[in-house]
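# Summary of structural features
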Amino acid sequence: MSTTRTPDVDAIVIGAGFGGIYMLHKLRNELGLTVKALEKGGGVGGTWYFNRYPGAKSDTEGFVYRYSFDKDLLREWDWTTRYLDQPDVLAYLEHVVERYDLARDILLDTEVTEAAFDEGTDLWTVTTADGRRLTSRYLVNSLGLLAKTNIPDIPGRDTFAGALVHTNAWPHDLDLTGKRVGVIGTGSTGTQFIVAAAKLASHLTVFQRSPQYCVPSGNGPVERADVERIKENFDAIWEQVRNSVVAFGFEESGIEAMSVSEEERNRVFQENWDKGNGFRFMFGTFSDIATNPEANAAAAAFIRSKISEIVEDPETARKLTPTDIYAKRPLCNEGYYETYNRDNVELVSIKENPIQQITPAGVRTADGVEHAVDVLVLATGFDAVDGNYRAMDLRGRGGRHIDEHWADGPTSYLGVSKAGFPNMFMILGPNGPFTNLPPSIEAQVDFIGELIRTAERDGVRTVEPTQVAEDAWTATCEEIANMTLFPQAQSWIFGANIPGKKNAVMFYMAGHGAYRQKLGEVADRGYEGFELSREAETAGV
Ligand code: FAD
Ligand code: NA7
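The sections below set out a description of the structure shown in this document. From a predicted model like this one, the values you see are computed outputs, not experimental measurements.

### Here we look at the site of ligand 2
Thr186, Thr189, Arg209, Ser210 and Arg329 are the nearest of the 18 residues found near ligand 2. Between ligand 2 and Trp492 there is a distance of 3.3 Å, counted from an oxygen atom to a side-chain nitrogen or oxygen. Bound to the protein, ligand 2 loses 85% of the 770 Å² it would expose on its own. Class assignment for the residues of the shell around ligand 2 results in seven nonpolar, eight polar and three charged.

Rendered as structure tokens:
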């Protein structure tokens, strides 16, 4: 066995979104390691670099859709609307890269196609699409959990004569003004797009497979005085976020929906409908909307009643009204249902009238109608969580491919590491928390950073979770997920949106506070569940 270890850099980070940017800062600027971040996009920002479609914005309120690790950064960066438009988030992330002088270690337009662990040297070798190779001791994957585009295989897709675009690959110069636009998909992305595109397009045809429960976002300008007040209170705000369940910057309710009268229930629903925000409606109204079928039905009935009040055409209202459980990622928007009252917006239920094929001129449905469009938008979502892992040739000990490990669905220890993949870490890997994501990204980067700091200090050669620890974490996540109603809905949260993808638990659903506590306990117990092999042990000396 060779013990030669002269890697090109100490650590490689793949991805330069929220996760990769902070990881690079942590490892290089705080730990003093040599690091390169490899990013397939032509710029930094991840989600916020690629998703430039009209209406793209955060559905987390802006004051908590940001990093909290540096109080000066928190105080410096302003916002003017309650939610952040895509250009604002992108500008923020570009500012962070500049502020911490990160660009010199980020390689753009660099897609990683292979990453393999060598048990002889205990080094990672990463290969890029253009054939470059780079070796490192540590590998951190920050590949994005909603970043692998899902393009459905609809007959005739390649024959379309106009512009066919996915929202996650929006061309920088595509203008919809005055055009006939079609959109397939009514998830978080589709609903954002529909509201914005209806105001630009001459005609918008919405191809809806599943109707959605959507509540108002309450978006609008924020007063300067409110921004200042929030800035003064950031310590308390982040303390609350770090100990909360969904980390969205509001207090979750502790009251069960069925413990109050119907009148009081509807008053609370109305109050939160007026305040706006999807997660607030699901978690801030009552404590059990996502766990108790009766409570869930009450919330769903309230939203359904709003659809029939808002939508003027009864047939359109009928098609827009969901009848299933309210247990996908909760959505919010500015006037989603109201948009269908516009003369230039048409709703086609492709559940009742399926798409037969895409033609050169548009989309033909089963009733024989050809819906002519100039631009056809696929708002069809993502192969979430593990999609970008499986897209690489990723191999751990014994040359075993990640697909072999994940034959029954993706697993991890704590969402950040994987047995059989020494010195490899993940940000937002499978079975990480289901929350507003920047706070969870920070918790994971801080944990990984401290673990690497400990390894460096103690002369540790490899860090790797045990299979036992990983299996226990998987069982914990399954147990918690099965206490909720989320597995009963068909969505990307469990992989149900991708044909042929095995349904699996992919999130830790006990909340951000509980997750942070668990990470803290693991660290306090000397990284319980991890094996830390020292130089002499691994080298066999
Ligand atoms: P990403 O931003 O997805 O970055 C991953 C990066 O890895 C990408 O740039 C990708 O190109 C790169 N990459 C992947 N594979 C490779 C490879 N093989 N080689 C090189 N580079 C690679 N979350 C919220 O909490 N609140 C919100 O309001 C919210 N709104 C969203 C709105 C939209 C439209 C979308 C799509 C997502 C939203 N999300 C939201 C989720 C969002 O993805 C996260 O909040 C966050 O931006 C994730 O950051 P990340 O760095 O983990 O991943
Ligand atoms: P989602 O939530 O997965 O939504 C995708 C939408 O596309 C949804 O309405 C799907 O219908 C529809 N879809 C997917 N495949 C098809 C096919 N083959 N035919 C017709 N319609 C289809 O993705 P989003 O991008 O909206 O949101 C993902 C997350 O990103 C979101 O939660 C935010 O966190 C940001 P379905 O409901 O499956 O019937």
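Next, the rest of the story.
### Examining the pattern of salt bridges
The tally for this structure, following the rule as stated, stands at 45 salt bridges. Arg75 serves as the salt-bridge partner of Asp72, at 3.2 Å between the closest nitrogen and oxygen. With Asp72 and Arg75 both in helix α3 (residues 71–76) and three residues apart, the pair spans about one turn of that helix. The partly exposed category is assigned to Asp72, whose relative accessible area is 41%.

### Topic: the environment of Ile255
The residue Ile255 is located in the loop between α7 (234–242) and α8 (262–275) in this model. Classification of Ile255 by relative accessible area gives partly exposed; the value is 46%. With 144 residues separating them along the chain, Ile255 and Glu111 place their C-alpha atoms 48 Å apart. Other than its neighbours up to four places away in sequence, Ile255 contacts Val260, Phe286, Ser287 and Asp288.

### Some words on the site of ligand 1
Neighbouring residues of ligand 1: 36 residues in total, closest Glu39, Thr47, Asp59, Tyr65 and Leu437. Trp48 has a polar side-chain atom sitting 3.4 Å from an oxygen atom of ligand 1. Elements that contribute at least two residues to the shell around ligand 1 include exactly α1 (18–30), α2 (47–50), β3 (57–61) and α15 (437–457). The residue inventory of the shell around ligand 1, partitioned by class, reads 17 nonpolar, 14 polar and five charged.

Thresholds applied
- Residues numbered from 1 in each chain as written.
- Chains lettered and ligands numbered in written order.
- Predicted model: local features only at pLDDT ≥ 70, side-chain atom pairs only at ≥ 80, totals over all residues.
- Heavy atoms only, no water.
- Near = heavy atom within 4 Å.
- Polar contact = N/O pair within 3.5 Å; in protein donor to acceptor, adjacent residues only side chain to side chain.
- Areas by Shrake-Rupley, 256 points an atom, 1.4 Å probe, with all protein chains shown as cover.
- Nonpolar A, V, L, I, M, F, W, Y, C, P; charged D, E, K, R; others polar.
- Salt bridge = Lys/Arg side-chain N within 4 Å of Asp/Glu carboxyl O.
- Helix = DSSP H or I, 4+ residues; strand = E, 2+ residues; numbered from the N terminus.
- Buried < 20%, exposed > 50% of the residue type's maximum accessible area, 1.4 Å probe, protein only.
- Contact = heavy atoms within 4.5 Å.

Bear in mind that shape data such as this cannot, by itself, settle questions of function.
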